[in-house]
Amino acid sequence: MIGGKQPLQQSQLFSLKGSILTVSILTLIFFTYFSFKSLRPLPFSPPTPQLTLLPSTTATHPSHARFVADKRANNIGEGEDDNDDDDLFTDVYHSPKLFKLNFEEMERKFRIYIYPDGDPKTFYQTPRKLTGKYASEGYFFQNIRESRFRTDDPDQAHLFFIPISCHKMRGKGTSYENMTIIVENYVDSLIAKYPYWNRTLGADHFFVTCHDVGVRATEGVPFLVKNAIRVVCSPSYDVGFIPHKDVALPQVLQPFALPAGGNDVENRTTLGFWAGHRNSKIRVILARVWENDTELDISNNRISRATGHLVYQKRFYRTKFCICPGGSQVNSARIADSIHYGCVPVILSNYYDLPFNDILDWRKFAVVLRENDVYELKQILKNISHEEFVTLHKNLVKVQKHFQWNSPPVTYDAFHMVIYELWLRHHVIKY
């Protein structure tokens, strides 16, 4: 009996296993079928776009400024171009739309605190003057007080302005050594009195100086030069200028003697022009090689006023390309003169960080050369076709407003462009 039941039990066991296996297979098929049947194509929802200001790829130097603007907040969608801005935001900018978005954000949010310490009658707070080769420093000192960017609440400030003027010191006959001592003592007093420098070791502080005496005087204060943002007219790589930290201040000789030039290509019959002192190696070579040329108007001295009224300025009006070699420093007010009078500037320099290079594509409105190119200068200029020259000239007119100071400041003028550069540096510090 027992032996007869064992096969029966095994048969029942196999039958049970088979049933379970069958049910499992059917269940799997059932769920698989309905899973596939329930699938539907999902609507494509792209990620929220963000615009990022990437490093520029200019030949002069790469920009290190980088920050994000939310595309939705500014209502810029696919195909939604603002036709009113077509003339303003052209390809003379590395990133036209980003510049517009970030500039608007800067105007809404950016705030700068000016330290109140220092007697305005000596070396502090106020400009020495708003004229001459170093007018840019004076205009900045005045404009910052006239602008929306100033705040009296340091807790709301993004950056801190150290309002000491080496130009005023120079006007009072102060020596370099004493300038350095005055600057150091002033900054030390701010550090001792206020907590703001020590929060970032000065990374969110800046000072402005256009005259080369200011550069020399502040170089005697290493902790200031190393940590703070330097806004200077002589931004040369070979004397410690740091492009991603410091800012190139355009040297603009104001007021201009004559109105702005432009849209007058037919009047520009001279190929190239330069006149000035031979106070640098590149200027000596320029004068020696091209002084007697019949197509390049090159003079190895400044044009005497005895030759006629505003003869120097009027030559800008009839010239296609104005040569801009560095003098005792890499910078020259001749660049801003060329832009103002509608003469395409030819930059001859190895180490010049051009003003607003983070924003403007200089090769769209200027000719940027190395100093060794001076020997081939005429051929380089003659190789530029008429159509290419016309394009450079038209683009030059578009950027003229960026190299003009005003009081009170005007949107997109030189002051606002410098502030925008500081805004970029603020975001570097922030992130």
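Since we're looking at a predicted model, the values are computed, not measured.

Chemist: Explain the overall build of the protein to me, please; I cannot follow it from the model alone.
Modeler: Tallying secondary structure elements over the protein gives 14 helices and 13 strands in all. Within the span of the protein, comprising 431 residues, buried residues form 51% of the whole.

Chemist: In this structure, what is going on with the sheet that holds strand S4 (residues 150–151)? I would like to understand it.
Modeler: Adjacent strands of a sheet form backbone hydrogen bonds with each other and so pair up, either parallel or antiparallel. A sheet is described by the order of its strands in space; here six strands give the open sequence S4-S3-S5-S6-S7-S8, paired in parallel fashion. Only two strands of the sheet have a single partner each, and these edge strands are S4 and strand S8 (247–248). By the bridge criterion, two bridges tie strand S7 (residues 229–232) to S8 in an arrangement that is parallel. Bridge pairing in S8 places Val 231 opposite Val 247. On top of the sheet, helix H3 (residues 135–146) reaches strand S3 (112–114), S4, strand S5 (159–161) and strand S6 (205–209); it is set at about 135° to S6, its chief contact.

Chemist: Help me understand the state of the cysteines in this model?
Modeler: For the structure on display, the rule yields two disulfides. Covalently, Cys 210 is tied to Cys 233 through a disulfide, its sulfur atoms 2.2 Å apart. Because the sign of the S-S torsion sets the handedness, a value of about -95° for the bond joining Cys 210 and Cys 233 places this disulfide among the left-handed ones. Of this pair, Cys 210 sits in the loop between S6 and helix H7 (212–218) while Cys 233 sits in the loop between S7 and S8, placing them 23 residues apart in sequence.

Chemist: Honestly, unusual backbone geometry in this entry has me stumped. Any pointers?
Modeler: Leaving glycine out, the prevailing phi sign among residues is negative, and the prevailing peptide bond configuration is trans. Gln 254 connects to Pro 255 through a cis peptide bond whose omega is 0°. Here Pro 255 lies in the loop between S8 and strand S9 (270–275). With an omega of 0°, the peptide bond running from Ser 407 to Pro 408 counts as cis. Relative to the helices and strands, Pro 408 resides in the loop between helix H13 (386–399) and helix H14 (414–430). Phi is positive for Leu 201, close to 60°, though the residue is something other than glycine. With respect to the helices, strands and loops of the structure, Leu 201 is situated in the loop between helix H6 (196–200) and S6. Look at Leu 201 and you get exposed, because its relative accessible area is 53%. Positive phi outside glycine occurs at Leu 310, with the angle close to 55°. Mapped onto the elements, Leu 310 comes out in the loop between strand S10 (296–299) and helix H10 (311–317).

Chemist: I'm lost on the sheet that holds strand S11 (residues 319–325) in this one. Help?
Modeler: What the five strands build is an open sheet, ordered S10-S9-S11-S12-S13; its pairing is parallel. The sheet terminates laterally at S10 and strand S13 (367–369), the two strands that pair on one side only. The mean inter-strand angle of the sheet, taken between neighbouring strand axes irrespective of direction, is 20°. With five bridges connecting them, S11 and strand S12 (residues 344–348) associate as parallel partners. Bridge pairing in S12 places Ile 323 opposite Val 346. Seen against the sheet, helix H11 (residues 333–340) touches S9, S11 and S12 and runs at an angle of roughly 165° to S11.

Chemist: Is there a simple way to explain the environment of Arg 108 in this structure?
Modeler: By the element assignment, Arg 108 lies in helix H2 (residues 96–109). Sequence-wise, Arg 108 and Phe 149 are 41 residues apart; in three dimensions their C-alpha atoms are separated by 8.8 Å.

Chemist: I keep staring at the confidence of the model for the protein and nothing clicks. Help me out?
Modeler: Should the pLDDT be low somewhere, the predicted coordinates at that spot are not to be read in detail. Model confidence for the protein is summarised by a mean pLDDT of 81, while 76% of its residues fall at 70 or above. Contacts of residues 1–14 to residues separated by more than four positions or lying in other chains number zero contacts, the stretch itself having pLDDT below 50. Here residues 26–84 is a poorly scored stretch, pLDDT under 50, and it has 73 contacts once near neighbours within four places are set aside; other chains count.

Chemist: Honestly, the pairing of S7 in this entry has me stumped. Any pointers?
Modeler: Consecutive side chains of a regular strand alternate in pointing toward one face of the sheet and then the other. With burial as the criterion, each face of S7 is covered, one bearing Ile 229 and Val 231 and the other bearing Arg 230 and Val 232. Across four bridges, the pairing between S6 and S7 is parallel. Note on S7: the bridge partner recorded for Val 208 is Val 231.

Chemist: What's the story with the pattern of salt bridges in this structure? I'm lost.
Modeler: Pairing between side chains of opposite charge can happen when their charged atoms approach one another. With the rule as written, the count across this model stands at 15 salt bridges. Between Lys 378 and Asp 293 there is a salt bridge; the shortest N-O distance is 3.0 Å. Within this pair, whereas Lys 378 is found in helix H12 (residues 377–382), its partner Asp 293 is found in the loop between helix H9 (281–290) and S10, the two being separated by 85 residues in sequence. As a salt-bridge pair, Lys 382 and Glu 295 come within 3.3 Å of each other at their nearest N and O atoms. On the criterion of sequence distance, the pair formed by Lys 382 in helix H12 and Glu 295 in the loop between H9 and S10 is long-range, its members being 87 residues apart. For Lys 382, a relative accessible area of 44% translates into the label partly exposed.

Chemist: Can you help me understand the pairing of S12 in this one?
Modeler: Burial analysis of S12 places five of its five residues in the buried class, which makes it a mostly covered element. Side chains Val 344, Val 346 and Leu 348 of S12 all project onto a buried face; the interleaved residues Pro 345 and Ile 347 project onto the opposite face, where all are buried too.

Each value, and the rule that gives it
Residues numbered from 1 in each chain as written. Predicted model: local features only at pLDDT ≥ 70, side-chain atom pairs only at ≥ 80, totals over all residues. Heavy atoms only, no water. Helix = DSSP H or I, 4+ residues; strand = E, 2+ residues; numbered from the N terminus. Buried < 20%, exposed > 50% of the residue type's maximum accessible area, 1.4 Å probe, protein only. Pairing = 2+ DSSP bridges. Contact = heavy atoms within 4.5 Å. Axes fitted to C-alpha atoms, helices over the stretch in contact; angles between N-to-C directions. Disulfide = S-S within 2.5 Å. pLDDT = per-residue confidence, 0-100. Salt bridge = Lys/Arg side-chain N within 4 Å of Asp/Glu carboxyl O.

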